[in-house]
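# Remarks on the overall topology
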Amino acid sequence: MCRSVPQMPVRHTLISTSVGPGVGVGALMYVSPGSGAAVEPSGNAFNEISLDPLGRPRNPMINIGAITTTSLASIDPDQRWQRIHSGLSAFAGRELEVDESVYRSELEISSRNMSLAYMVKAHDRLEGDPDRVVADYVRQCALVVDVRDLAVMGMTLANQGRNPITGEEVVPAAICRQVLSVMMTCGMYDAAGDWMSNVGFPAKSGVSGCIMGALPGQVGIGAFSPRLDRFGNSVRGVRVCERLSADMGLHLMQAPEAASHVLHSLGDTPETDKDGDGVRQMQLQGSLHFAASEAALRELARIPEDDTIIEIDLDRVTAINSVGKRMLREGVRRLRLDGHEVRVLDGQQHLGGQDQ
């Protein structure tokens, strides 16, 4: 099938990467404040003229915002299309092809999109010639993909910008976070609130019947069924995603408590030190974010003030963010202030060679 509009978040991610995250998500691509597009739900249909009081498209997930972001890929029309096409292909992990018959057909009936482009141009928010920009926008919508491509693209966003098939880092993680945030609030048009309540992971729908979903760190989802509801979303696609979310616990607000699994094992206490080496070992595992690191610190705080040697083994830790590093280093510092010799086994250099 052709992608229609699920390419919007992927395109926005690519454009954000080149212009920089400091000016916003996707369509927030102009360097000067207050230009480009906003990031608020429009409350209108996907093809409505939806401008905020500053004359910006309300978000990059509706047609008027998507056309605006297309113009920002490059002022040069040839470079613009090449860049968008190669970027979308990198997200899919293969070279994507345009269905030329669909492209020509859609371009012939794109009067409304032309009017949207000229409206944005009149507010000085669109780069280049509106006719050429709309042509590139329609050409993107005529790219042919299957549901596997959609799932791979979604997983690339969920995997902090790294394609799970090719291993290529397509875009930086910080950009993915921004784009996923806008997908969560705006990706399902005026049904975004119901989607957040009933499904609960970032997604973007298209009027072709596509849905692309991305649950950060877990899964990318692709669905296709052409029949649409009154919002322009796939009826069966929405139902499938509701079922997956309920059956597999994919709702963002239903995440399992990772902190309870951070402790792989706790070693000997002075009373149970059978080998007599005087070393008490704590083995940590998994991903150390705030909650997981806080659970580890609680265990460290229970160790009494004495001269016991404490060994903290990080070899089973798969990842640690900056907050986790600071918290763990603080725990080590406090143990040493309490009189312990602390040894940190960190063969993967999670702490950057510090506190060894």
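Residues numbered from 1 in each chain as written. Predicted model: local features only at pLDDT ≥ 70, side-chain atom pairs only at ≥ 80, totals over all residues. Heavy atoms only, no water.

The name given to the protein in an unreviewed UniProt entry is glutaminase, with the source organism recorded as Parenemella sanctibonifatiensis. UniProt's Sequence similarities (unreviewed entry) comment on the protein is quoted here verbatim: "Belongs to the glutaminase family." (UniProt positions renumbered as here; feature names shortened; annotations may be inferred.)

### Regarding helix α8 (residues 173-186)
A rise of 1.5 Å per residue sets the reference length of α8, with its 14 residues, at 20 Å; its end C-alpha atoms lie 20 Å apart and thus fit the reference within 8%. Listing the buried residues of α8 in full gives I175, C176, Q178, V179, L180, V182, M183, M184 and C186. (Helix = DSSP H or I, 4+ residues; strand = E, 2+ residues; numbered from the N terminus. Expected span 1.5 Å × (residues − 1). Buried < 20%, exposed > 50% of the residue type's maximum accessible area, 1.4 Å probe, protein only.)

### Things to note about helix α6 (residues 130-141)
With twelve residues, α6 extends 17 Å between its outermost C-alpha atoms, agreeing within 8% with the 16 Å of an ideal straight helix rising 1.5 Å per residue. Extensive coverage of α6 is indicated by the burial of ten of its twelve residues. Along α6, the residues classified as buried are P130, V133, V134, A135, D136, Y137, V138, R139, Q140 and C141.

### Topic: the sheet that holds strand β6 (residues 263-266)
With respect to topology, four strands assemble into an open sheet ordered β6-β7-β8-β9, the strand pairing being mixed. This sheet does not close on itself; its edge strands, each paired only once, are β6 and β9 (341-345). If you compare each strand with its neighbour and ignore which way they point, the axes differ by 15° on average. Note that β6 and strand β7 (residues 279-288) share three bridges and pair antiparallel. The residue bridging S265 from the neighbouring strand is Q283, located in β7. On top of the sheet, helix α11 (residues 290-301) reaches β6, β7 and β8 (309-320); it is set at about 170° to β7, its chief contact. The sheet contacts of helix α12 (residues 322-337) involve β7, β8 and β9, and relative to β8 the element is tilted by about 180°. (Pairing = 2+ DSSP bridges. Axes fitted to C-alpha atoms, helices over the stretch in contact; angles between N-to-C directions. Contact = heavy atoms within 4.5 Å.)

### Some thoughts on the environment of V235
Along the chain, the position of V235 falls in helix α10 (residues 235-248). Between the C-alpha atoms of V235 and F224, which are eleven residues apart in sequence, the distance is 9.6 Å. Contacts of V235, omitting those with residues within four sequence positions, involve R227, L228 and D229.

### Brief notes about the nonpolar core
The biggest cluster of nonpolar side chains holds 28 residues, and the ones touching the most others in it are F91, L96, M153, L157, M183 and M212. For this core, the elements supplying multiple residues, two or more each, are α3 (77-92), α7 (147-158), α8 and β4 (210-215). Counting residues per element, this core draws most heavily on α8, which supplies seven residues. (Core = buried A, V, L, I, M, F, W, Y, C linked by side-chain atoms within 4.5 Å.)

### With respect to unusual backbone geometry
The backbone of Y189 sits at a positive phi, close to 60°, despite the residue not being glycine. Tracing the sequence through the fold places Y189 in the loop between α8 and α9 (192-198). Residue Q349 is not a glycine yet carries a positive backbone phi of 60°. Mapped onto the secondary structure, Q349 falls in the segment after β9.

### Topic: the pairing of β7
Where β7 meets β8, nine bridges bridge the pair, whose relative direction is parallel. Along β8, the bridge assignment pairs Q281 with E311. Remark: the β7/α11/β8 crossover connection has right-handed handedness. (Right-handed = clockwise from strand over helix to strand, strands pointing away.)

### A closer look at the sheet that holds strand β3 (residues 203-205)
The strand order across the open sheet formed by three strands is β3-β4-β5, and the pairing between neighbours is antiparallel. Taken across any chain shown, the strands that pair with only one partner, and hence form the sheet edges, are β3 and β5 (219-224). Here the average twist between neighbouring strands, direction ignored, is 10°. Pairing analysis gives six bridges linking β4 to β5, with the strands arranged antiparallel. Paired with C210 across the bridge in β5 is F224.

### So, the environment of W195
Here W195 is to be found in helix α9. For W195, a relative accessible area of 5% puts it in the buried group. Separated by 46 residues in the primary sequence, W195 and C241 place their C-alpha atoms 9.4 Å from one another. Among residues more than four places away in sequence, those in contact with W195 are M184, M188, G200, F201, A203, I211, V238 and C241.

### As for the packing of aromatic side chains
Applying the stated rule across the entire model yields one aromatic pair. Seen in terms of ring centroids, W195 and F201 are 5.7 Å apart; in terms of plane orientation they differ by 85°. Their pairing is edge-to-face. Of the two residues, W195 and F201, both sit in the buried class. R139 extends its terminal NZ or CZ atom over the ring of W81, reaching a point 5.6 Å from the ring centre. Between R139 and the ring centre of Y103, over which it is positioned, the NZ or CZ distance is 4.1 Å. (Phe/Tyr/Trp six-rings, centres within 6.5 Å; stacked < 30°, edge-to-face > 60°. Lys NZ or Arg CZ within 6 Å of the ring centre and 35° of its normal.)

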